[in-house]
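# Coordinate inspection notes
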Amino acid sequence: MKTGVPPLAALLWAILALAGCGTTGTPSAEAQASATTEPTSQGTDLAAVVCDAAPKPFDPSNIDLTGPWAGDDGGIYYLRQIGSVVWWNGMSGRDLSPLDLGREWNNVGRGVITGGVITGLEIDVEWSDVPRGGDLNNGTLLLNIQDDGNGNVQIVKVGGDEGFGNSVWTPCAPVELQVAEYVRAYGGEPHQYGVILTLDACGDLADLNETVTTALDTADAGSPDFQAALGYSHAISERKLALDC
């Protein structure tokens, strides 16, 4: 999932261009430490997978289901559509750490899209649990691809195994993929990006932005600490935009 991270060189150039207007002090260990929230999960850098809603317009003449989907069973499903065939990997624990993802249940599925614009679109699915999770069930499902009432696509279970826990699939954007994009572009701590991209209070974001911004010293441009602070600052800006702060 692309997060719209701008090229690092462009951001560095913009920071350096402002150097003549004054710089802040050299990043201190205290400033860097204050910009980081202690992990709340055990043995992982990212506190939770999370998958924020990411609506996709419903176009029955051009269906593309590839991508991450949030289930109303609390799981996350990664779908891949190749022609009329759909594959998925579904894992429990969307609100847990990546380490705990799929530990309660983990299933795979394969389905074929049938129907059309006039008759409606369906997916006939065969699915099976795999041993990463605690369940070992299997069966069939009948799913509808439809408008959610707001012009966006959703997948709804309309038949098949009653024991299958999910009923509605909604497109979403996993925070873990956004974190990976930032780490590749800027370096830094995955957990710090995870904290930033899951904060819901504009005030908390403003306080954190002030902290990481004061750690930027143009004399250190190009250093790992400078690049990481720049990444944190941009992640905060993106989260503010998402929350309309």
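Above this text is the structure in question.
Residues numbered from 1 in each chain as written. Predicted model: local features only at pLDDT ≥ 70, side-chain atom pairs only at ≥ 80, totals over all residues. Heavy atoms only, no water.

## So, the overall build of the protein
Quick note on the threshold: Only runs of H or I of at least four residues qualify as helices and only runs of E of at least two qualify as strands under DSSP, and these elements are numbered from the N terminus. The rule is simple: take the accessible area with a 1.4 Å probe, protein chains only, and divide by the maximum for that residue type; under 20% is buried, over 50% is exposed, in between is partly exposed. The contact rule is simple, with two residues in contact once any of their heavy atoms fall within 4.5 Å. To be clear on the numbers: accessible area is Shrake-Rupley with a 1.4 Å probe, and residue cover counts the displayed protein chains and nothing else.
Of the regular secondary structure elements, the protein holds 6 helices and 9 strands. By the burial criterion, 40% of the 245 residues in the protein qualify as buried. For the protein, the share of sequence-separated contacts (at least 6 apart) that also reach a separation of at least 24 residues comes to 55%. A total accessible area of about 12,300 Å² is found for the protein, and carbon and sulfur atoms account for 54% of it.

## A look at helix H3 (residues 175-186)
Operational definition: A helix is expected to span 1.5 Å multiplied by its residue count minus one. As used here, the arc is the angular range of directions from the helix axis to the C-beta atoms.
For H3, which comprises 12 residues, the first-to-last C-alpha distance of 16 Å matches the rise-based estimate of 16 Å (1.5 Å per residue) to within 8%. When H3 is considered as a whole, its buried residues turn out to be Val-175, Gln-178, Val-179, Glu-181, Tyr-182 and Tyr-186. With its buried residues spanning 160° around the axis, H3 presents them on a single face. One or two residues past the end of H3 sits Gly-187, with phi positive at roughly 80°.

## Section: the packing of helix H4 (residues 190-198) against helix H6 (residues 224-243)
Basically, it comes down to this: Fitted lines through C-alpha atoms give the axes, limited to the stretch in contact for helices. The angle between two N-to-C directions lies from 0 to 180 degrees. These descriptions rest on fixed angle ranges, namely under 35 degrees for roughly parallel, over 145 for roughly antiparallel, 65 to 115 for roughly perpendicular, and the rest for oblique. By definition, turning the near helix anticlockwise from the far helix through less than a right angle yields a left-handed crossing, and turning it clockwise yields a right-handed one. Polarity classes work like this: nonpolar for Ala, Val, Leu, Ile, Met, Phe, Trp, Tyr, Cys and Pro, charged for Asp, Glu, Lys and Arg, and polar for all others, with Gly in that last group.
Where H4 meets H6, the closest approach of the two axes is 9 Å, and the angle between their N-to-C directions is 20°. Of the possible angle classes, the one that applies to H4 and H6 is roughly parallel. In this structure, H4 crosses over H6, and the sense of that crossing is right-handed. Contacts between H4 and H6 involve Gln-192, Tyr-193, Ile-196, Leu-197 and Thr-198 on the former and, on the latter, Ala-228, Gly-231, Tyr-232, Ala-235, Ile-236, Glu-238 and Arg-239. When its residues are assigned to classes, the contact of H4 with H6 shows 7 nonpolar, 3 polar and 2 charged.

## Side note on the pairing of strand S6 (residues 120-129)
Spelled out, the test is: Any two strands with at least two DSSP-identified bridges between them are counted as paired.
Here S6 shows a buried face lined by Leu-121, Ile-123, Val-125, Trp-127 and Asp-129 and an unburied face lined by Gly-120, Glu-122, Asp-124, Glu-126 and Ser-128. Bridge analysis of strand S5 (residues 106-116) against S6 gives 10 bridges, and the strand direction is antiparallel. Looking at S6, one finds that Gly-109 is bridged to Trp-127. Between S5 and S6, which pair antiparallel one after the other, the connecting turn spans 3 residues. Here 8 bridges tie S6 to strand S7 (residues 138-147), and the two strands are oriented antiparallel to one another.

## With respect to the packing of aromatic side chains
Filter applied, for reference: Two aromatic rings, drawn from Phe, Tyr or Trp (for Trp, its six-membered ring), form a pair once their centres lie within 6.5 Å of each other, and the interplanar angle then sorts them: stacked below 30 degrees, edge-to-face above 60, tilted otherwise.
In the structure shown here, the tally under the stated rule is 10 aromatic pairs. Geometrically, the ring pair formed by Trp-88 and Phe-164 is tilted, given 6.2 Å between the ring centres and 45° between the ring planes. Here the residue Trp-88 occupies a position in strand S4 (residues 85-91), and Phe-164 occupies one in the loop between strand S8 (153-160) and strand S9 (168-174), the gap between them amounting to 76 residues. Note on Trp-88: relative accessible area 7%, which makes it buried. Assessed through its relative accessible area of 4%, Phe-164 is described here as buried.

## As for the pattern of salt bridges
One side chain can pair with another of opposite charge once the charged atoms of both are near each other. Selection criterion: The rule for a salt bridge is simple: a side-chain nitrogen of Lys or Arg has to be within 4 Å of a carboxyl oxygen of Asp or Glu.
Inspection of the entire model under this criterion finds 3 salt bridges. The closest approach of N and O atoms between Glu-181 and Arg-184, which form a salt bridge, is 3.0 Å. Of this pair, Glu-181 and Arg-184 both sit in helix H3, 3 residues apart, roughly one helical turn. Classification of Glu-181 as buried rests on a relative accessible area of 17%. Given a relative accessible area of 61%, Arg-184 falls into the exposed group. In this structure, Asp-200 engages Arg-239 in a salt bridge whose closest nitrogen and oxygen atoms are separated by 2.9 Å.

## Looking at unusual backbone geometry
Positive phi values are uncommon outside glycine, yet Asp-244 reaches one of about 55°. Mapped onto the secondary structure, Asp-244 falls in the segment after H6.

## Here's the deal with the packing of H3 against H4
The geometry of H3 relative to H4 is characterised by a closest axis approach of 9 Å and an angle of 130° between their N-to-C directions. The pairing of H3 with H4 is recorded here as oblique in orientation. Here H3 and H4 pass one another in a crossing that is right-handed. Residues Val-175, Gln-178, Val-179, Tyr-182, Val-183 and Tyr-186 of H3 pack against Pro-190, Tyr-193, Gly-194, Leu-197 and Thr-198 of H4. Among the residues making up the contact of H3 with H4, the classes are represented as 8 nonpolar, 3 polar and no charged.

## Looking at H4
Counted residue by residue, H4 has 7 buried out of 9 residues, so it is predominantly covered. Burial in H4 covers these residues: His-191, Gln-192, Tyr-193, Gly-194, Val-195, Ile-196 and Leu-197.

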